[in-house]
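# Coordinate analysis (summary)
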Amino acid sequence: MKFTTTKIITTLLFTIQIINLIYGYIPVYVMMPLNTITNDGKFNQNTILPLLQKLQSTGADGIMVDVWWGIVERNGPKNYDFSAYRQLFNICKNLNFKIQVVLSFHQCGTNVGDECFIPLPNWVTAVGNLNNDIYYTDQQKHRDQEYLSLGVDFVKIFPPMNIQTGQNRSAIDMYSDFMTAFRQEFYDMLSGQDGKGKNSLITTIEVGLGPAGEMRYPSYQLQNNLWQFPGIGAFQCYDKYMLQDLKQSAVNNGHADWGYAGPNDAGYYNSYPYQTGFFSENTNDNYASPYGKFFLQWYSSKLINHGDAILSSAKNIFGNFTNNIELAGKIAGIHWWYMTQNHAAELTAGYYNTLQYDGYNDIAKMFAKYDITFLFTCLEMLDSDQPSNCNCGPQELVQLTRQSAYRYNLRYGGENALPIYYNQNAYNQILKQSSRMNGKLLDSFTYLRLDQQMFNGNSYGMFTNFVQQMHNLN
């Protein structure tokens, strides 16, 4: 029998497709240390390079790194310095690592695991010194300075002034200008051809959408010891811009009396649901009442509209590269009180998800407008490992969010929420959560976080074996 070159290639491609149906390849990335780039814009090479060289031997596909707004634009509005990131990216290229980039428009230092402090650009916080309503605000007027309130998404109060229009910039303008500058600086790494896997060195751009980069309100804040697990958190709608919007929305809804403030009996950061009126069952004006539904729909829709505005801009800016890269958005894994009817901790964070309403469906629907990869965390967690007094459901939450993403044919990527160095049960759970659902494997997995402890004792072997299993998952 005579075989032509074309027939041989066709047969090989068909064989590869069959193998991929049986065994899937899930890329594994590793998050870089938060202080990879110093606050004054220097690459911490002496510490980072040895870790990257060790990482090579594990078989990991690449890294994830935060590109901090507070570092890149530290010297003044529209004065961008990406030089340290280019140094890092060039090293990754030489080591044959792919890169997931996080455009981090939030402050570092006030979330779980933060090991350094990177504030917003000082020229942004200078505006806040004169007008602290640019920050999310709770019912006791505590201002959270880790991320700008969505209330200023379209309020033009940030420098520099456009000479032609006589207007300053809005928050969305600043994020868009930053993304445009990133595209211009790294055009070669977004569009280059290297013949292996994705065509560009940068495979994913995760667009920061809130605190910790996640599309949520800062409802559970560690700064000033405001919150401790498993508190329900606090609503963040008390800056003047959000209150104005709430007032108008209530008037439009025919209930002006609903628009003066958020719920007055929703507790505070460390309350439990049953200690409040709003999150209790069968109480007047609770979360399931007409008033409660109005408020939660308004609160969550404002968050989704915020994400929509940023991701729409990101799609316009990076749209020419989407054959080579993925755009992604991250949703927080708020698993405590998930197994209750009210899902209180999710509600204060802006996720209108209850037994009666699937809030992640609304998020996935918005993501689908721009073909956004749905990123989620807490894939390593087991229900049985959580405290029994706060009705946690991380396993079910991961399943629900995957279903929501796949309903709109989105890609779904995962992370672990907490370090898992020597925890084989956690690795096994990630493998389980990454396996096929509706015929689809996880799009990628990102491991928290690159440090020396990854390579100590049994940790190195466990991680290396995990990477091999993810590369051959059935």
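Please refer to the structure higher up on the page.
Everything numeric here is computed off the predicted structure, so don't read it as measured data.

### Details of the overall build of the protein
Along its length, the protein carries 14 helices and 12 strands. Based on the C-alpha atoms only, the size of the protein along its principal axes is roughly 80 × 55 × 45 Å. Taken across its 474 residues, the protein has 58% of its residues classed as buried. By sequence separation, contacts in the protein at least 24 residues apart represent 75% of the contacts at least 6 residues apart. With the model as given, the accessible surface of the protein reaches about 19600 Å², and the carbon-plus-sulfur share is 49%. Charge separation in the protein, taken as the distance between the mean sites of 32 positive and 38 negative side-chain charges, equals 9 Å.

### Some words on the pattern of salt bridges
Following the criterion strictly, the structure yields 16 salt bridges and no others. The residue aspartate 177 makes a salt bridge to arginine 169 at a minimum N-O spacing of 2.8 Å. With a relative accessible area of 5%, arginine 169 lands in the buried category. Aspartate 308 is the salt-bridge partner of lysine 369, the closest N and O atoms lying 2.6 Å from each other.

### Some details on the pairing of strand 9 (residues 326–331)
A large share of strand 9 lies buried, amounting to 6 of its 6 residues. Here strand 9 shows no split at all, with Glu326, Ala328 and Lys330 on one side and Leu327, Gly329 and Ile331 on the other all buried. Where strand 8 (residues 202–207) and strand 9 come together, 3 bridges link them in parallel fashion. Residue pairing across strands places isoleucine 205 opposite leucine 327, the latter belonging to strand 9. In the sheet, strand 9 pairs with strand 10 (residues 372–376) via 5 bridges, with the strands oriented parallel. What sits directly across from leucine 327, in strand 10, is isoleucine 372.

### Considering the packing of helix 13 (residues 424–434) against helix 14 (residues 457–470)
Taken N-terminus to C-terminus, the directions of helix 13 and helix 14 make an angle of 10°; their axes are 11 Å apart at the nearest point. Classed by the angle they form, the pair helix 13 and helix 14 counts as roughly parallel. Two secondary-structure elements touch here, helix 13 through Gln424, Tyr427, Ile430, Leu431 and Ser434 and helix 14 through Met462, Phe463, Phe466, Gln469 and Met470.

### Topic: the layout of surface pockets
Computed from the structure, the largest pocket encloses a volume of approximately 900 Å³. What lines the largest pocket is a set of 43 residues, and nearest its centre among them are Val112, Glu214, Lys330, Ala417 and Leu448. Considering each element in turn, the lining of the largest pocket owes the most residues, 3 residues, to strand 2 (residues 62–68). Grouping the amino acids of the lining of the largest pocket by side-chain chemistry returns 23 nonpolar, 10 polar and 10 charged.

### Observations concerning the environment of arginine 436
Its place among the elements puts arginine 436 in the loop between helix 13 and strand 12 (444–447). Its relative accessible area of 31% is what places arginine 436 among the partly exposed residues. In terms of polar contacts, arginine 436 uses its side chain to reach the backbone carbonyl oxygen of glycine 439, at 3.3 Å.

### What to know about the environment of serine 434
By secondary structure assignment, the location of serine 434 is in helix 13. Excluding residues within four positions of it along the chain, serine 434 makes contact with Ile26, Leu379, Arg402, Leu441, Leu442, Met470 and Leu473. From its side chain, serine 434 meets the backbone oxygen of isoleucine 430 in a polar contact 2.7 Å long.

### Notes on the nonpolar core
As a rule of thumb, soluble globular proteins bury nonpolar side chains together. In terms of nonpolar packing, the biggest core is built from 156 residues, with Phe89, Leu148, Phe182, Phe318 and Phe463 touching the most fellow members. Residue contributions to this core peak at 14 residues, all from helix 9 (residues 290–318). For phenylalanine 182, the contacting residues outside a window of four places in its chain are Val67, Phe82, Phe89, Val101, Leu103, Ile202, Ile205 and Phe318.

### With respect to empty space enclosed by the protein
Applying the stated criterion to the full structure yields 2 cavities of 30 Å³ or more. Taken as a whole, the largest cavity encloses approximately 40 Å³ of empty space. If you go around the largest cavity, the residues you meet are Met215, Ser300, Leu303, Ile304, Gly350, Tyr351, Tyr352, Gly359, Asp362 and Ile363. Elements supplying a minimum of two residues to the lining of the largest cavity: helix 9 and helix 11 (359–369). Its volume calculated, the second largest cavity comes out at about 30 Å³. Taken together, Gln139, Ala234, Phe235, Tyr238, Pro263, Ala266 and Gly267 make up the lining of the second largest cavity.

### What to know about unusual backbone geometry
The linkage connecting phenylalanine 229 with the following residue, proline 230, adopts the cis geometry, with an omega of 5°. Inspection of the secondary structure assignment puts proline 230 in the loop between strand 8 and helix 8 (240–252). Arginine 449 follows leucine 448 through a cis peptide bond whose omega is 0°. Along the polypeptide, arginine 449 turns up in the loop between strand 12 and helix 14. One non-glycine residue with positive phi stands out, namely aspartate 285, at about 55°. In this structure aspartate 285 comes out as partly exposed when scored by relative accessible area, which is 48%. The residue tryptophan 337 is not glycine, and still its phi comes out positive at about 70°. Look at tryptophan 337 and you get buried, because its relative accessible area is 1%.

What counts and what doesn't
- Residues numbered from 1 in each chain as written.
- Predicted model: local features only at pLDDT ≥ 70, side-chain atom pairs only at ≥ 80, totals over all residues.
- Heavy atoms only, no water.
- Helix = DSSP H or I, 4+ residues; strand = E, 2+ residues; numbered from the N terminus.
- Buried < 20%, exposed > 50% of the residue type's maximum accessible area, 1.4 Å probe, protein only.
- Contact = heavy atoms within 4.5 Å.
- Areas by Shrake-Rupley, 256 points an atom, 1.4 Å probe, with all protein chains shown as cover.
- Lys, Arg positive; Asp, Glu negative; His and termini not counted.
- Charge placed at Lys NZ, Arg CZ, Asp CG, Glu CD.
- Salt bridge = Lys/Arg side-chain N within 4 Å of Asp/Glu carboxyl O.
- Pairing = 2+ DSSP bridges.
- Axes fitted to C-alpha atoms, helices over the stretch in contact; angles between N-to-C directions.
- Parallel < 35°, antiparallel > 145°, perpendicular 65-115°, else oblique.
- 1 Å grid on protein atoms, 1.4 Å probe; cavity = no way out; pocket = protein on both sides within 12 Å on 5 of 7 lines; lining within 4 Å.
- Points joined across faces, edges and corners; volume = space filled by probe spheres on them.
- Nonpolar A, V, L, I, M, F, W, Y, C, P; charged D, E, K, R; others polar.
- Polar contact = N/O pair within 3.5 Å; in protein donor to acceptor, adjacent residues only side chain to side chain.
- Core = buried A, V, L, I, M, F, W, Y, C linked by side-chain atoms within 4.5 Å.

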